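So the chains spell out like this:
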Amino acid sequence: TSKHKKNMGRTPKHMLNPFRCPGQTAAPAWSAVYSDLSKPLLLDVGCARGRWVRDLAAGTTVRLELDGQTFNFCGNELYAPLVEAANAANDAAADAAPAAEK
């Protein structure tokens with residue numbers, strides 16, 4: 001067996017410095033995002049395309065409660081292509097939801 005690393009030919013993953021990200025926007029008015037601000041917030045940092053946190057919010061994988069209270073959910077991602085993919089998936093999920101759930 002060789003003691004040399006075999007994956008050195010790969011291009012390293014480009015990492016972002018969160019303090020130098022262009023196009024930062026101000027936080028939204030949370031009362032416009034969440035209907036009940038008294039609920040605890042579950043924050044998924046580095047959510048990629050947001051599937052995990054979107055599934056949690058929909059209650060399709062598991063239902064989280066804290067002292068009998070459900071959560072507000074928020075995904076946070078810096079990498080723009082993943083943010084765009086997450087927003088597109090969220091919009092598609094919202095469009096597919098029955099009118100009663102909107």
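Everything below is about the structure printed above this text.
A short tour of the structure in this document, coming up. (Residues numbered from 1 in each chain as written. Predicted model: local features only at pLDDT ≥ 70, side-chain atom pairs only at ≥ 80, totals over all residues. Heavy atoms only, no water.)

### Here's the deal with the overall build of the protein chain
Across its full length, the protein chain holds three helices and two strands. Per-residue burial over the protein chain gives 15% buried out of 102 residues. When contacts within the protein chain are restricted to residue pairs at least 6 apart in sequence, long-range pairs at least 24 apart make up 66% of them. Carbon and sulfur atoms make up 55% of the accessible area of the protein chain, which amounts to about 8600 Å² in all. (Helix = DSSP H or I, 4+ residues; strand = E, 2+ residues; numbered from the N terminus. Buried < 20%, exposed > 50% of the residue type's maximum accessible area, 1.4 Å probe, protein only. Contact = heavy atoms within 4.5 Å. Areas by Shrake-Rupley, 256 points an atom, 1.4 Å probe, with all protein chains shown as cover.)

### Structural notes on the packing of aromatic side chains
By the definition in use, this model includes two aromatic pairs. With a centroid separation of 5.8 Å and 20° between ring planes, the pair formed by Trp30 and Tyr34 is classed as stacked. Given a relative accessible area of 39%, Trp30 falls into the partly exposed group. Geometrically, the ring pair formed by Phe71 and Phe73 is tilted, given 6.3 Å between the ring centres and 40° between the ring planes. Phe73 matches Phe71 in its accessibility class, with the two residues each being buried. (Phe/Tyr/Trp six-rings, centres within 6.5 Å; stacked < 30°, edge-to-face > 60°.)

### Here we look at the pairing of strand E2 (residues 72–76)
Here five bridges tie strand E1 (residues 41–45) to E2, and the two strands are oriented parallel to one another. Looking at the pairing, Leu43 lines up with Cys74 of E2. Running through helix H2 (residues 51–58), the crossover from E1 to the neighbouring parallel element E2 is right-handed. (Pairing = 2+ DSSP bridges. Right-handed = clockwise from strand over helix to strand, strands pointing away.)

### Some details on the environment of His14
Within the secondary structure layout, His14 lies in the segment before helix H1 (30–33). C-alpha of His14 to C-alpha of Tyr79: the two residues are 65 residues apart in sequence and 9.8 Å apart in space.

### Quick notes on the nonpolar core
Counting five residues, the largest nonpolar core is built from Leu42, Val53, Leu56, Phe71 and Phe73. Among residues more than four places away in sequence, those in contact with Phe73 are Tyr34, Leu41, Leu42, Val53, Leu56 and Ala57. (Core = buried A, V, L, I, M, F, W, Y, C linked by side-chain atoms within 4.5 Å.)

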